[in-house]
Amino acid sequence: MPSGHRDLLARLDGLCSNLTEATPDHEAAFLLSEMHAALSAYFRREEQLIRQNRDTGFGELKVRHDGLLQEIRDLIEKPGKRTGPDFGPSLSARFHAWFERHARNGNGE
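Let me sum up the structure you'll find in this document. (Residues numbered from 1 in each chain as written. Predicted model: local features only at pLDDT ≥ 70, side-chain atom pairs only at ≥ 80, totals over all residues. Heavy atoms only, no water.)

Focus: the packing of helix H1 (residues 3-16) against helix H2 (residues 25-52)
Here comes step 1: Relative to each other, H1 and H2 sit at 170°, their axes nearing to 9 Å. By the criterion of interaxial angle, the relationship of H1 to H2 is roughly antiparallel. Only Leu31, Glu34, Met35, Ala38, Leu39, Tyr42 and Glu46 of H2 make contact with H1, whose side of the interface consists of Gly4, His5, Leu8, Arg11, Leu12, Leu15 and Cys16.
Here comes step 2: Residue composition of the contact of H1 with H2, by class: nine nonpolar, two polar and three charged. (Axes fitted to C-alpha atoms, helices over the stretch in contact; angles between N-to-C directions. Helix = DSSP H or I, 4+ residues; strand = E, 2+ residues; numbered from the N terminus. Parallel < 35°, antiparallel > 145°, perpendicular 65-115°, else oblique. Contact = heavy atoms within 4.5 Å. Nonpolar A, V, L, I, M, F, W, Y, C, P; charged D, E, K, R; others polar.)

Right, dumping it as C-alpha cells:
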C-alpha cells in the first residue's frame, strides 16, 4: 500500500478511535466531518495526478471516490446510522478494506 494511503489511514484511525457509543451526536458529526475533509483532500490530489497523466480509468476512480465520500456524508446527516459500541472500529475496518482494494486494483470496490 502506498505511503500516502498509510498516512491517511493513520489519520482516519485516530478519528475513528474517538467514536464510541458514548460520543455525543455533535462530536460524532465533527469527527466524521474531519474524516470527510481528509478523504476529500487526498482524493482531490490523487484525481489531479490521474488527470495530468491522462489515465483512462479516471471516471471509474472518481465514481468510487465519490461513493466513499457519500457514505461519510450519510453518516454525518443521519445519526441513526452511527450506532453501536463497535461503530468506530467497524468504520476503521471499512476504510482499511476499501484502501486495500483501492491499492490493489485502483478502484476501491
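A few points about the side chain of His36
Here comes step 1: Position of His36 relative to the elements: it lies in helix H2.
Here comes step 2: A residue is classified by how much of its surface remains accessible, and His36, at 16% relative accessible area, is buried. (Buried < 20%, exposed > 50% of the residue type's maximum accessible area, 1.4 Å probe, protein only.)

Let's talk about the nonpolar core
Here comes step 1: With 23 residues, the main nonpolar core has Met35, Leu39, Leu91 and Phe95 as its most contacted residues.
Here comes step 2: Broken down by secondary-structure element, the contributors of at least two residues to this core are H1, H2, helix H3 (58-77) and helix H4 (87-105).
Here comes step 3: With eight residues, the single largest contributor to this core is H2.
Here comes step 4: Apart from residues lying up to four places away in sequence, Leu91 is in contact with Cys16, Leu19, Leu32, Met35, Ile72 and Leu75. (Core = buried A, V, L, I, M, F, W, Y, C linked by side-chain atoms within 4.5 Å.)

Side note on the pattern of salt bridges
Here comes step 1: Enumeration over the complete set of coordinates arrives at four salt bridges.
Here comes step 2: Here Glu34 makes a salt bridge to Arg11, at a shortest N to O gap of 3.1 Å. Note that Glu34 is positioned in helix H2 and Arg11 in helix H1, a separation of 23 residues in sequence.
Here comes step 3: The exposure class of Glu34 is partly exposed, given its relative accessible area of 27%. (Salt bridge = Lys/Arg side-chain N within 4 Å of Asp/Glu carboxyl O.)

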